[in-house]
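Take a look at the letters that make up each chain.
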Amino acid sequence: MAENLRRQALGRLCEYVSNQNTRLGFDGTLVPRYAGPSKGAEIMATVNASDTWTGPLADEMAEDTKADVDAVDAVFANLFWDVRNERNALPVEVPEDDPDANWPNGGV
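Colleague: Describe the pattern of salt bridges, with residues and values.
Modeller: One pass over the full model with this rule turns up three salt bridges. Ionic pairing is found between D100 and R6, a salt bridge with its closest N-O pair at 2.7 Å. Separated by 94 residues along the polypeptide, D100 in the segment after β2 (93–94) and R6 in helix α1 (residues 5–24) bring together distant segments of the chain. Among the ionic pairs, E42 bridges to K39, the shortest N-O distance being 3.7 Å. Of this pair, E42 and K39 are both found in helix α2 (residues 39–47), three residues apart, which corresponds to roughly one turn of the helix. Overall, E42 belongs to the partly exposed group, its relative accessible area being 39%.

If you want it as structure tokens, here you go:
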């Protein structure tokens, strides 16, 4: 048996995506967000803050901002989970003649 190099590469990609999500201020990749405000809600609060802009249009724009930011957060979190699930679906070890034992040179 040999180490599954494709699985290892996906593990590195998973870590990279997680780090980039953190760098962008999105934290829904490691632990699902069950408590506390979403990233969109955090930003929404600054759109129609009393020292920034208030009024019906500000409220509407704040809601739109929240929806857009939360949608981006979900896309990035889903990317993390998709890569992680793909990695977890692969075996840790494969037969030595398996293409994943020589990935990417022997893999797809």
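Back to the write-up after that little detour.
Colleague: Kindly report on a negative patch on the surface, identifying the contributing residues and their values.
Modeller: A cluster of like negative charges, contributed by D59, E60, E63, D64 and D68, occupies part of the molecular surface. Its place among the elements puts D68 in helix α3 (residues 56–89).

Rules used in this analysis
- Residues numbered from 1 in each chain as written.
- Predicted model: local features only at pLDDT ≥ 70, side-chain atom pairs only at ≥ 80, totals over all residues.
- Heavy atoms only, no water.
- Salt bridge = Lys/Arg side-chain N within 4 Å of Asp/Glu carboxyl O.
- Helix = DSSP H or I, 4+ residues; strand = E, 2+ residues; numbered from the N terminus.
- Buried < 20%, exposed > 50% of the residue type's maximum accessible area, 1.4 Å probe, protein only.
- Patch = residues over 30% accessible without salt bridge, like charges linked within 9 Å, V, L, I, M, F, W, Y side chains within 5 Å.
- Areas by Shrake-Rupley, 256 points an atom, 1.4 Å probe, with all protein chains shown as cover.
- Lys, Arg positive; Asp, Glu negative; His and termini not counted.
- Charge placed at Lys NZ, Arg CZ, Asp CG, Glu CD.

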